[in-house]
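In case you want the letters, here they are:
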Amino acid sequence: MTDINLAGDNYSGNGDASLLTPEKEGILSGFLTKQMLRLIVLLIKGTLTNKELAVRMGLSSSALSNILQRMKKCEIELLAVSREEKNVLYSLTPIVREYVEKNLPGIQIPDKIQTSEKIRLVRINQMETVEWRRCKEALEELRELAGPEGTAELLECCTFYYTGSQDKVPDAARDFFEALEELIIEEQTQQTEWILNRLEEMGLKALCQKYLKRLVGVRKLCTLDTVNWEAAARFTDDFFLSEDRYVSIDFLKSCYDFSTEDIIDMAMGLSEIIKASVGRIISKKDFIAAWSRYFKNHDKLVFYIGEKYVNQYHRNTL
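S.K.: Account for the pairing of strand β3 (residues 79–84), naming residues and giving values.
M.R.: Each regular strand displays side chains that alternate between the two surfaces of the sheet. The pairing of β3 with strand β4 (residues 87–92) spans six bridges and is classified as antiparallel. Bridging across to β4, Val 81 finds its partner in Tyr 90.

Listed below in structure tokens is the structure:
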């Protein structure tokens, strides 16, 4: 195994010296999100592969990749990375382990967690995010509006919302679909699954999942953009240049660990938003306005796709 030391200036040869200065502790406290803390807790006892992390966190490989990429942007190195054959292995840098010892009571390093009560200090209300509460409340309002016999009406609302007839959708339904999309955009997998289980009870899950595939695909493309902008641009170029929507799987795999399924999802997601735009959106500005939510935090990518879209489908209107 070849180790790649990412500890940088966090490393100290003096075992008694503290790496965690008050300044660095403040940086970590302001930077680490709940998802990052969940990942850190999993790495306390040792090294895990990216696949093991994804399974234990209940995330897709692309969602995990997004978190890992954000963690790498911290000015303090958070993760040490090594490779063993085809696997990428992650562990904590010394300064993060020191931060955990000081700021997450009940966690011993490298021993077991002391008590089940204390672990709750780390897993603090993971389900009850602001976005989840908003979606849950919107769903309750929608269920109350439709009544016990309102499944057909709700299915119609879902179809109208996702096929460009939003003026026919009641405010309560629009609020719910937007809140559900926000859960996916924020990569809140457990919360999304909880909502989808409630929709299954109402007979709405299958139809919602059908329409949400385009958002899921777009967010995977955003993950690719986070990892490698050039790869995302190349993917977009291939997509618009090929009538068969062909993209180079080998090229994408060479630049990051995306599965064939992820790549197909990206192509399907992009195809669906283009299909929904043709004949309705004729300018780059309108395209960006229509889809900017799907590309949240990826302005450069939606701008690039909007430009490609207009050049291919509405060049004569420029």
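Still more ground to cover, so stick around.
S.K.: Now, about helix α3 (residues 50–57): what can you tell me, with residues and values included?
M.R.: Within the sequence span of α3, burial applies to Asn 50, Leu 53, Ala 54 and Met 57. Looking down the long axis of α3, one finds its buried residues gathered within 100 degrees of arc, a one-sided arrangement. In α3, the exposed residues that point more than 90 degrees away from the buried face are Lys 51, Val 55 and Arg 56. Residues of α3 that are buried sit in contact with α2 (34–43), β2 (48–49), α4 (61–72) and β4. Just downstream of α3, Gly 58 is the residue with a positive phi angle, here 70 degrees.

S.K.: Summarise the nonpolar core; cite the residues concerned and give the values.
M.R.: Of all hydrophobic cores here, the largest spans 58 residues; its most connected members are Phe 176, Leu 199 and Phe 295. If we skip the residues at most four places from it in the chain, Phe 295 touches Val 218, Arg 219, Cys 222, Ile 273, Leu 301, Val 302 and Ile 305. Membership of the second largest hydrophobic core comes to 33 residues, among which are Leu 19, Ile 40, Tyr 90 and Tyr 99.

Parameters at a glance
- Residues numbered from 1 in each chain as written.
- Predicted model: local features only at pLDDT ≥ 70, side-chain atom pairs only at ≥ 80, totals over all residues.
- Heavy atoms only, no water.
- Pairing = 2+ DSSP bridges.
- Helix = DSSP H or I, 4+ residues; strand = E, 2+ residues; numbered from the N terminus.
- Buried < 20%, exposed > 50% of the residue type's maximum accessible area, 1.4 Å probe, protein only.
- Arc of directions from axis to C-beta.
- Contact = heavy atoms within 4.5 Å.
- Core = buried A, V, L, I, M, F, W, Y, C linked by side-chain atoms within 4.5 Å.

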